[in-house]
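If you want the building blocks of each chain, they are given just below.
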Number of protein chains: 2
Amino acid sequence: MSLRHAMLGLLARGPASGYDLLKLFEISLSNVWPATQSQLYSELGRLADTGLVKVVAEGPRGRKEYAITDEGLAELRHWITEVEPNRSRRSDMLLRVFFLNTVEPEQARQYLRDRAAAAVTQHEGLAKIREFIADEQDALSVYGRIAMEWGLRFSAMQQEWAEWAAEEIGRLPSPPSD
Amino acid sequence: MSLRHAMLGLLARGPASGYDLLKLFEISLSNVWPATQSQLYSELGRLADTGLVKVVAEGPRGRKEYAITDEGLAELRHWITEVEPNRSRRSDMLLRVFFLNTVEPEQARQYLRDRAAAAVTQHEGLAKIREFIADEQDALSVYGRIAMEWGLRFSAMQQEWAEWAAEEIGRLPSPPSD
DNA sequence: TTCCGCATGTAAGTTGTTACATGATTGA
DNA sequence: TCAATCATGTAACAACTTACATGCGGAA
């Protein structure tokens, strides 16, 4: 049910079309809650049916501009403050770790080294975006910066962990067993 | 497609029934890749159809014991070493952060304080499990300990971040605006 | 003998992905 | 005029969730 709230959150900033929302998802929410075009259009229909958003303007090429309603804003606030976030997250990266005993220790180390490298790349990417945005004042709200900080800390943590883990494996070179 | 690999990974340790797998998921994989009973049974059927596992014994109450095949093991190893892990993870916790500007700053701070508290609880839970397991020797493989360490570091990071962020908000008490 | 745990399976519904399909407008 | 972008929608499929349905076997 988070897709609908992501859409309400974007519409809380101002009216937008399905196409606008797609672009907004791509540039600002792609790392947190990716959404496809077909998902957005069908969900927009449902949101309009339940009165959480409504069409406020029609433009060229069949463009329909939607705005959040009072009910929509109330629902968004309810979701933010009263609905407990999901703690469970699936991670196929971590799932592989559980099964590293089925491959050669050297492959296991390589896997972890690759994770460390991926974390570095991710961290660099975020740092670059932050720099870029620092120029334009206020381009990112306080909350945008807080989310960005999460990403930076997460990728730093992952890098350190993966490097530590790769070392850890080297300490007992047993054949793939179990 | 990770569910099938999670199942192959568990079967790589030894034969098991659908029921056994369900228990294994609950106790060891629930935080990394949750699965429901109906998912497991239908996926077992598909795995058997494609020859990645096979029935090796039948027991009381219609029990069917499955074992991984050579093809299954090859597929598992291929997935571990050659398939790039998904970088995108959905986080409704972080999604809410993006929209905290729609609620009162005090509610936003409360949200972040709650995240910090949840992280502490999670960290304590993991630390307890680690202690408990340390008693029984070898109950957790090297790789199990590495995964556990990820959880500990992740929850520690999240706690620190949430506390930092809650402070950050206090520094500019603006009304809820866009 | 009765209850709990073992054990399997199906159905319906939701969410998410990929692909198909179509067409209008605008700027070069 | 022609290509890129704007713009919407549908269909088919895959993954996941929740609920329903049934019945055996073993231990107290």
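Criteria and cut-off values
Residues numbered from 1 in each chain as written. Chains lettered and ligands numbered in written order. Predicted model: local features only at pLDDT ≥ 70, side-chain atom pairs only at ≥ 80, totals over all residues. Heavy atoms only, no water. Near = heavy atom within 4 Å. Polar contact = N/O pair within 3.5 Å; in protein donor to acceptor, adjacent residues only side chain to side chain. Nonpolar A, V, L, I, M, F, W, Y, C, P; charged D, E, K, R; others polar. Helix = DSSP H or I, 4+ residues; strand = E, 2+ residues; numbered from the N terminus. Contact = heavy atoms within 4.5 Å. UniProt positions renumbered as here; feature names shortened; annotations may be inferred. Salt bridge = Lys/Arg side-chain N within 4 Å of Asp/Glu carboxyl O. Buried < 20%, exposed > 50% of the residue type's maximum accessible area, 1.4 Å probe, protein only. Buried area = accessible area lost by both parts, 1.4 Å probe. Core = buried A, V, L, I, M, F, W, Y, C linked by side-chain atoms within 4.5 Å.

1. Some remarks on the protein's contact with DNA strand D
Moving on, step 1. Surveying the vicinity of DNA strand D reveals 20 residues, the closest of which are Tyr-19, Gln-37, Tyr-41 and Lys-64 of chain A together with Ser-38 of chain B.
Moving on, step 2. Taking the atoms of DNA strand D that fall within 4 Å of the protein, sugar and phosphate contribute 61% of them.
Moving on, step 3. Residue Gln-37 of chain A places a side-chain N or O atom 2.7 Å away from a base oxygen belonging to DNA strand D.
Moving on, step 4. Residues of the surface near DNA strand D, tallied by class, amount to six nonpolar, eight polar and six charged.

2. Some points on the side chain of Glu-43 of chain B
Moving on, step 1. Locating Glu-43 of chain B in the fold gives a position in helix α3 (residues 37–49).
Moving on, step 2. Filtering out sequence-adjacent residues up to four positions away, Glu-43 of chain B remains in contact with Leu-3, Arg-4 and Met-7 of chain B.

3. Some words on the UniProt feature "domain: Transcription regulator PadR N-terminal" (unreviewed entry) in chain A
Moving on, step 1. Residues given the UniProt feature "domain: Transcription regulator PadR N-terminal" (unreviewed entry) here are residues 7–77 of chain A.
Moving on, step 2. Helix makes up 54% of residues 7–77 of chain A and strand 15%, with an end-to-end C-alpha separation of 13 Å.

4. Thoughts on the pattern of salt bridges
Moving on, step 1. The tally for this structure, following the rule as stated, stands at 22 salt bridges over all chains.
Moving on, step 2. Among the salt bridges present, the one from Glu-65 of chain A reaches Arg-63 of chain A, with a minimum N-O distance of 3.0 Å.
Moving on, step 3. Given the relative accessible area of 29%, Arg-63 of chain A is considered partly exposed.
Moving on, step 4. Across the pair Arg-4 of chain B and Glu-43 of chain B runs a salt bridge whose closest N-O atoms are separated by 3.6 Å. Remark: Glu-43 of chain B occurs in helix α3 and Arg-4 of chain B occurs in helix α1 (residues 2–11); sequence separation between them is 39 residues.

5. Points about the interface of chain B and chain A
Moving on, step 1. Each partner contributes to the interface: chain B provides 62 residues, whereas chain A provides 62 residues.
Moving on, step 2. Both faces combined, the contact of chain B with chain A buries some 6,700 Å², and carbon together with sulfur accounts for 68% of it.
Moving on, step 3. Counting every contact that joins chain B to chain A gives four salt bridges.
Moving on, step 4. At the boundary of chain B and chain A, one finds 18 residue pairs in polar contact (both at pLDDT 80 or more).
Moving on, step 5. Mapped onto the side of chain B that touches chain A, the elements with two or more residues apiece are α1, α2 (18–29), α4 (70–82), α5 (92–98), α6 (105–135) and α7 (142–170) of chain B.
Moving on, step 6. Sort the elements by how many residues they give to the side of chain B that touches chain A and α7 of chain B lands first, with 17 residues.
Moving on, step 7. In terms of residue class, the side of chain B that touches chain A is made up of 35 nonpolar, 13 polar and 14 charged.

6. Some details on the nonpolar core
Moving on, step 1. Ranked by internal contacts, the top residues of the largest apolar core, which has 97 residues, are Trp-161 of chain A together with Val-97 and Trp-161 of chain B.
Moving on, step 2. Filtering out sequence-adjacent residues up to four positions away, Trp-161 of chain B remains in contact with Ile-146, Glu-149, Trp-150 and Arg-153 of chain A together with Met-93, Leu-94, Val-97 and Leu-112 of chain B.

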